[in-house]
Amino acid sequence: MTQQAHLSDAFPLANGVAIPCLGYGTWRMQDGAETVAAIQTALSLGYRHIDTAAYYRNEASVGQALRASGLPREAVFLTSKVWNTDRGYAPTKAAFQATLDRLGTDYLDLYLIHWPAAANQFDDWEAINRDTWRAMTELYQAGKIRAIGVSNFRPHHLKALLETEVAPMVNQIEFHPGCQQRETLAFCRDHGILVEAWSPLGRGRVLDHPTLTAIAQNHGKTPAQICLRWCLEQGVLPLPKSVTPARMAENGDLFSFALTPEDMAQIAALPPFGGSGHDPDQLDF
């Protein structure tokens, strides 16, 4: 992502679909007027990529905000996800239609498997993931979804899906300077899968790290902007979430500066910290 890029610039997915390079996350935003207003504000600031999920229980508000914005549907890249209790072929098909109904749209730009069925939960975890993926592939081929992908998948989860007719185009994972997921990032790069970063600010817990604060001071930026720019410079798409207009604007102001190789090396040397309490590359699932 070059210094000359802009908020609405895009990464190309493996199938050629363009996905805006910065998304607006809606995790923990409850259905209601506050969420509608926050999304409308994000759209007014230039965000054109909204990330939601069935599990967030705010899809109705996301749809309401999109309609109230006056923007044509095709102007906004819209993502949702199938939840764990709806895995499998028929349940995924039904869950997708319910998501469309709540959003008030007839297609999605991106649909993700929210979490993989894993070996520590199911003996037939690979079959469950393949059945879910088969439903999504059919919806994609029918033109109901412009791109399909996964979330929180590690390389061994992804391998089975790479052998199918349509490979995942996106993997959305926890990713920030304290949770760098190098193994998964490298695997996705090698297989043409775009990585999206949920919690790119580490739930705020990484922002006072002295390395990040020093880099921010050198650039006249905030630690949050450093975290988000760091994602972009690795070809990772960040999904920051805020309901504060000033912070939304700050999170979108990433294109007037670039990190130096020295900055990137300092951040790369950081040990895991400030995330969900573990190194995801070491998780047994």
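Now for a description of the structure that goes with this document. (Residues numbered from 1 in each chain as written. Predicted model: local features only at pLDDT ≥ 70, side-chain atom pairs only at ≥ 80, totals over all residues. Heavy atoms only, no water.)

Time to look at the pairing of strand 6 (residues 110–113). Side chains of strand 6 alternate between two faces, with Leu110 and Leu112 and Tyr111 and Ile113 buried alike. Relative to strand 6, strand 5 (residues 77–82) runs parallel, the two sharing 4 bridges. Residue Lys81 lies in a different strand from strand 6, and its bridge partner there is Leu112. Across 3 bridges, strand 6 lies against strand 7 (residues 148–151) in parallel orientation. Bridge pairing links Tyr111 to Ile148 in strand 7. At this point the chain moves from strand 6, through helix 4 (residues 125–141), to the parallel strand 7, and the crossover so formed is right-handed. (Buried < 20%, exposed > 50% of the residue type's maximum accessible area, 1.4 Å probe, protein only. Helix = DSSP H or I, 4+ residues; strand = E, 2+ residues; numbered from the N terminus. Pairing = 2+ DSSP bridges. Right-handed = clockwise from strand over helix to strand, strands pointing away.)

Right, let's get into the pairing of strand 8 (residues 170–174). For strand 8, the buried fraction is high: 5 of the 5 residues fall into the buried class. Alignment of strand 7 against strand 8, held across 2 bridges, turns out to be parallel. The residue of strand 8 that forms the bridge with Ser151 is Gln172. A crossover connection joins strand 7 to the parallel strand 8 through helix 5 (residues 155–162); in handedness this β-α-β unit is right-handed.

Here we take up the nonpolar core. Most often, soluble globular proteins keep nonpolar side chains buried together rather than apart. Within the largest apolar cluster, 78 residues are counted, with the highest numbers of intra-cluster contacts made by Tyr24 and Ile50. Examining the composition of this core, we find that 7 residues originate from one element, helix 8 (residues 223–233), more than from any other. If sequence neighbours within four positions are ignored, Tyr24 has contacts with Met29, Ala38, Ile39, Ala42, Tyr47, His49, Ile50, Asp51, Pro240, Ser242, Val243 and Met248. (Core = buried A, V, L, I, M, F, W, Y, C linked by side-chain atoms within 4.5 Å. Contact = heavy atoms within 4.5 Å.)

None of this, on its own, says anything about what the molecule does.
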